[in-house]
Amino acid sequence: EVQFVESGGSVVQPGGSLRLSCVVSGFTFTFSNTAMSWVRQAPGKGPEWVAAISGGGSTYYADSVKGRFTISRDNAKNMVYLNMNELKFEDTARYYCARGSAITSKAGPWGQGTQVTVSS
């Protein structure tokens, strides 16, 4: 089965920065040719797509994070990253990486996720 292992989340102050990492394994698809996304979910809410990166390196962002977050990937390591800057209270959520686009990634499968809490 496909596995996603996210890491890097923590408690940070507003305006702070974090770098999230995701390592992918056990896939039946070609990682380097597959779009990857970051999805987040706050308590009591449904999943919210955050960012995506195509196999060719094109990036896409939700309006809420545009200009603050940067998604990247390292195909040699089967990894996806999310650099988060200027964090806001609204960014508090559990973050997951997943295969696919803004639409398909929200359906999973996901890993265990990593918690990001923005608090003063």
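See above for the structure.
Residues numbered from 1 in each chain as written. Predicted model: local features only at pLDDT ≥ 70, side-chain atom pairs only at ≥ 80, totals over all residues. Heavy atoms only, no water.

This part covers the sheet that holds strand S4 (residues 36-41). In space, the 6 strands of this open sheet follow the order S2-S10-S9-S4-S5-S6, with mixed pairing throughout. At either margin of the open sheet sits one strand with a lone partner, and together these are strand S2 (11-12) and strand S6 (59-61). Sheet topology places strand S5 (residues 48-53) next to S6; 3 bridges connect them, and they run antiparallel. Residue pairing in the sheet places Ala51 in a bridge with Tyr61 of S6. (Pairing = 2+ DSSP bridges. Helix = DSSP H or I, 4+ residues; strand = E, 2+ residues; numbered from the N terminus.)

Attention now goes to the sheet that holds strand S3 (residues 18-25). Strand order across the open sheet formed by 4 strands is S1-S3-S8-S7, with antiparallel pairing between neighbours. Where the open sheet ends on each side, the last strands, each with one partner, are strand S1 (3-7) and strand S7 (69-74). Taking each pair of neighbouring strands and ignoring which way they run, the sheet shows an average axis angle of 15°. Note that S7 and strand S8 (residues 79-84) share 6 bridges and pair antiparallel. Note on S8: the bridge partner recorded for Ser72 is Tyr81. (Axes fitted to C-alpha atoms, helices over the stretch in contact; angles between N-to-C directions.)

Moving on, we come to the nonpolar core. In terms of nonpolar packing, the biggest core is built from 29 residues, with Trp38, Val50, Phe69, Ile71, Leu82, Met84 and Tyr95 touching the most fellow members. By residue number, the principal contributor to this core is S5, which donates 5 residues. In this structure Met84 touches Gly16, Ser17, Leu18, Leu20, Arg68, Phe69, Tyr95 and Val116, once residues within four positions along its chain are discounted. (Core = buried A, V, L, I, M, F, W, Y, C linked by side-chain atoms within 4.5 Å. Buried < 20%, exposed > 50% of the residue type's maximum accessible area, 1.4 Å probe, protein only. Contact = heavy atoms within 4.5 Å.)

Here the focus is unusual backbone geometry. Note the cis peptide between Gly108 and Pro109, where omega equals 0°. The residue Pro109 is located in the loop between strand S9 (93-99) and strand S10 (114-118) in this model. In this model, Glu86 sits at a positive phi of 50°, which is unusual for a non-glycine residue. With relative accessibility at 49%, the residue Glu86 sits in the partly exposed group.

Another aspect to go through is the pairing of S3. Relative to S3, S1 runs antiparallel, the two being bridged by 5 bridges. In the strand pairing of S3, Gln3 is matched with Ser25. One ladder, built from 6 bridges, connects S3 with S8; its direction is antiparallel. When the bridges of S8 are listed, Arg19 appears paired with Asn83.

Attention now moves to the environment of Phe31. Considering the arrangement of structural elements, one finds Phe31 in the loop between S3 and S4. In this structure the C-alpha to C-alpha distance between Phe31 and Asn78, which are 47 residues apart in sequence, comes to 6.8 Å. For Phe31, the residues in contact, after removing those within four places along its chain, are Val24, Met36, Arg73, Asp74, Asn75, Asn78, Met79 and Val80.

Counted according to the given criterion, the structure contains 1 disulfide. Residue Cys22 pairs covalently with Cys97 via a disulfide, S to S 1.7 Å. Here Cys97 lies in strand S9 and Cys22 lies in strand S3, a separation of 75 residues in the sequence. Grouping residues by exposure puts Cys22 and Cys97 together as buried. (Disulfide = S-S within 2.5 Å.)

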